[in-house]
Amino acid sequence: MPNMKNAKKAINVIKRRNVSNNEYKASMHTAIKNVEKAVIAKDKEKAESTLKIAIKRIDKAASKGVTSKNTCARNKSRLTKKVNEMK
């Protein structure tokens, strides 16, 4: 347990940041799963529309510092590759 006043306040800030970060991360993962489901279902239109949403969510997570830029770039690359390979 923290003893100093500033350490107690820091714990509250950390809790708030965790909640916020988890929301961005969960949103990103959900969008990625939606694209992958559309690819498995071989629905090209749905895959393309969900890809746009996923890229927005991935970029938002990167800008907020939830995930690293390289991880986000890798995720976007893999998703676009899967969608582009659909016929």
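Structure: see above.
For clarity, every value in this text was computed on a predicted model and none was experimentally measured.

Enquirer: Where do I start with the pattern of salt bridges in this structure?
Expert: Side-chain pairing between opposite charges can occur once the charged atoms of the two side chains come close. Following the criterion strictly, the structure yields three salt bridges and no others. With a shortest N-O distance of 3.8 Å, lysine 44 and glutamate 48 are connected by a salt bridge. Residue lysine 44 and its partner glutamate 48 are both found in helix H2 (residues 44-63); the two are separated by four residues, about one turn of the helix. When its relative accessible area of 38% is taken as the criterion, glutamate 48 is described as partly exposed. Between aspartate 59 and lysine 76 there is a salt bridge, with its nearest N and O atoms 2.7 Å apart. Taken as a pair, aspartate 59 in helix H2 and lysine 76 in helix H3 (residues 69-84) lie far apart in primary sequence, 17 residues in all.

Enquirer: Hey, could you run me through H3 in this one?
Expert: One turn of the α-helix equals 3.6 residues, which is why residues spaced by three or four share an orientation. Between its terminal C-alpha atoms H3 stretches 22 Å, which fits the 22 Å expected from 16 residues at 1.5 Å a residue. Turning to H3, its buried residues number three or more, namely Cys72, Asn75, Leu79 and Val83. Each buried residue of H3 sits inside an arc of 65 degrees when the element is viewed along its axis, so together they form one side. Of the exposed residues in H3, the ones pointing more than 90 degrees away from its buried face are Lys69, Asn70, Arg78, Lys81 and Asn84. Summarising the contacts, the buried residues of H3 are in contact with helix H1 (5-40) and H2.

Enquirer: What's the story with the environment of lysine 56 in this structure? I'm lost.
Expert: By secondary structure assignment, the location of lysine 56 is in helix H2. Along the sequence, lysine 56 and asparagine 22 sit 34 residues apart, while their C-alpha atoms lie 16 Å from each other.

Enquirer: Quick question: what am I supposed to make of H2 here?
Expert: Between its first and last C-alpha, H2 extends 28 Å over 20 residues, near the 28 Å set by a 1.5 Å rise per residue. Buried within H2 are the following residues: Ala47, Thr50, Leu51, Ala54, Ile58 and Ala61. Angularly, the buried residues of H2 cover 125 degrees about the axis, an arc narrow enough to put them on a single face. Structural note: H2 exposes Glu45, Lys52, Lys56 and Ser63 on the side pointing more than 90 degrees away from its buried face. Those residues of H2 hidden inside the fold are in contact with H1 and H3. Positive phi appears at glycine 65, one or two residues downstream of H2, with a value of about 80 degrees.

The rules behind the values
- Residues numbered from 1 in each chain as written.
- Predicted model: local features only at pLDDT ≥ 70, side-chain atom pairs only at ≥ 80, totals over all residues.
- Heavy atoms only, no water.
- Salt bridge = Lys/Arg side-chain N within 4 Å of Asp/Glu carboxyl O.
- Helix = DSSP H or I, 4+ residues; strand = E, 2+ residues; numbered from the N terminus.
- Buried < 20%, exposed > 50% of the residue type's maximum accessible area, 1.4 Å probe, protein only.
- Expected span 1.5 Å × (residues − 1).
- Arc of directions from axis to C-beta.
- Contact = heavy atoms within 4.5 Å.

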